[in-house]
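# Coordinate inspection notes
What follows is each chain in one-letter form.
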Amino acid sequence: MDRKRTTPPPPNPNPSSPALLVTRAAASPSKAHMLAFHFLRALSRIHRVTPVRRRTRTIRRAAYSSMARAAGPRRAWSRALLGQARSRRARTLARRAVLVRRRVLTAAAPSSPAARGGGRFIAAGGETSAAAASRAALPPRQAGEPPRADALRRLVPGGDAMEYCSLLEETADYLRSLRAQVQLMQGLVDLFSCQ
Amino acid sequence: MSSRRSRSRQSGSSRITDEQISDLVSKLQDLLPEARLRNNDRMPSSRVLQETCNYIRSLHREVDDLSERLSELLATSDMSSAQAAIIRSLLM
């Protein structure tokens, strides 16, 4: 694939051109290009490798991962998302290793239900079990912080560990990136349906 | 609600004033979809937070929905020609 980073698109007078779906998606064209680059690369890999029944879940995870990669490590929410993805991969590998070992050892006996897929939970955009555990113990950061901020902390990845002021900033950035990601995916769906 | 002066004196480590916070809240309000319809009158911050939560939840649902549609479309459409079309459209 070409280096989309260094080739900004020329201004396109045709309003119905699909190139506009990228330039409209974000304020700066390079950021939208990064988003498209990461997501499309993930999509083509998913198309090649992933079995059909797991595709929706994998595509959704790839959406959040490519969003986080395009935003870079400067943002707390992108760091939180990438960390979640990394720990999920590590857990999957560890779980698979345990299952293989158990199957080899107890070849005759039926495996216990606890060994089978212990909680293959589908994490939504911002939540994991670790975040849920820390959520219960965390009091609001500031005295003047409204109670609604608690719900916001749950929605924004990494929101539990933030001060109220940073939470507002991160929420704005997360919201912009989410919107760009949704626009990108919508554009891709339109593109694919017109084939 | 405690006064502005006492709070900024109490929290010596964080110099975050109410004005900064209300500034951030109004920036969030501008991001909301309904902000474009209205006159950008200042909503109370609790309302802004609630609308932001709803908006984020609806965007999450859209991502789920679009992921499902994308997985269906990937299965049915011819990927190589679609890929070529996308790359062409992104570069032009």
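Residues numbered from 1 in each chain as written. Chains lettered and ligands numbered in written order. Predicted model: local features only at pLDDT ≥ 70, side-chain atom pairs only at ≥ 80, totals over all residues. Heavy atoms only, no water.

### Details of helix α3 (residues 55-71) of chain A
Residues and elements named next belong to chain A.
- An ideal rise of 1.5 Å per residue puts 24 Å on 17 residues; α3 measures up with 24 Å between its terminal C-alpha atoms.
- Within α3, 12 of the 17 residues are buried, leaving the element largely enclosed by the surrounding structure.
- Buried within α3 we find Arg 55, Ile 59, Arg 60, Ala 62, Ala 63, Tyr 64, Ser 65, Ser 66, Met 67, Ala 68, Ala 70 and Ala 71.
- Gly 72 occupies a position one or two residues after α3 and carries a positive phi of about 90°. (Helix = DSSP H or I, 4+ residues; strand = E, 2+ residues; numbered from the N terminus. Expected span 1.5 Å × (residues − 1). Buried < 20%, exposed > 50% of the residue type's maximum accessible area, 1.4 Å probe, protein only.)

### A word on the pattern of salt bridges
- Here the structure, examined in full by the defined rule, presents 5 salt bridges over all chains.
- Notably, a salt bridge pairs Arg 75 of chain A with Glu 170 of chain A, separated by 3.4 Å at the nearest N-O pair. Taken together, the positions of Arg 75 of chain A in the loop between α3 and α4 (76-105) and Glu 170 of chain A in helix α7 (residues 164-193) put the pair 95 residues apart, joining distant regions of the chain.
- Salt-bridge contacts for Arg 47 of chain B lead to Glu 51 of chain B; the nearest nitrogen and oxygen are separated by 3.2 Å. Taken together, the residues span about one helical turn, with Arg 47 of chain B and Glu 51 of chain B both in helix α3 (residues 45-76) at a distance of 4 residues.
- Judged by relative accessible area, which is 15%, Glu 51 of chain B ranks as buried.
- Sharing partners across several salt bridges, the network here consists of Arg 75, Glu 170 and Asp 173 of chain A. (Salt bridge = Lys/Arg side-chain N within 4 Å of Asp/Glu carboxyl O.)

### Here we look at a nonpolar patch on the surface
- A cluster of nonpolar residues, Val 100, Val 104 and Leu 105 of chain A, forms a patch on the protein surface that exposes about 320 Å² of accessible area.
- Turning to its location among the elements, Leu 105 of chain A is positioned in helix α4. (Patch = residues over 30% accessible without salt bridge, like charges linked within 9 Å, V, L, I, M, F, W, Y side chains within 5 Å. Areas by Shrake-Rupley, 256 points an atom, 1.4 Å probe, with all protein chains shown as cover.)

### Brief notes about the nonpolar core
- Ranked by size, the top nonpolar core spans 60 residues in total, and within it Phe 39 of chain A together with Leu 70 of chain B carry the most contacts.
- Taken together, the elements giving at least two residues each to this core come down to α2 (29-49), α3, α4, α6 (148-155) and α7 of chain A together with α2 (18-31) and α3 of chain B.
- The contact partners of Phe 39 of chain A, leaving out residues within four places of it in the chain, are Ile 59, Ala 62, Ala 63, Ser 66, Gln 181, Leu 184, Met 185 and Leu 188 of chain A together with Leu 70 of chain B. (Core = buried A, V, L, I, M, F, W, Y, C linked by side-chain atoms within 4.5 Å. Contact = heavy atoms within 4.5 Å.)

### Here we look at the confidence of the model for chain B
Residues and elements named next belong to chain B.
- Summary statistics for chain B give a mean pLDDT of 75 and a share of 60% for residues scoring 70 or more.
- Mean pLDDT across the elements of chain B bottoms out in helix α1 (residues 4-10) (49) and peaks in α3 (88).
- Overall, residues 6-13 carries pLDDT values under 50, and its contacts beyond four positions in sequence, including any with other chains, amount to 4 contacts.
- For this predicted complex, the interface confidence comes out at an ipTM of 0.73, alongside a pTM of 0.68. (pLDDT = per-residue confidence, 0-100.)

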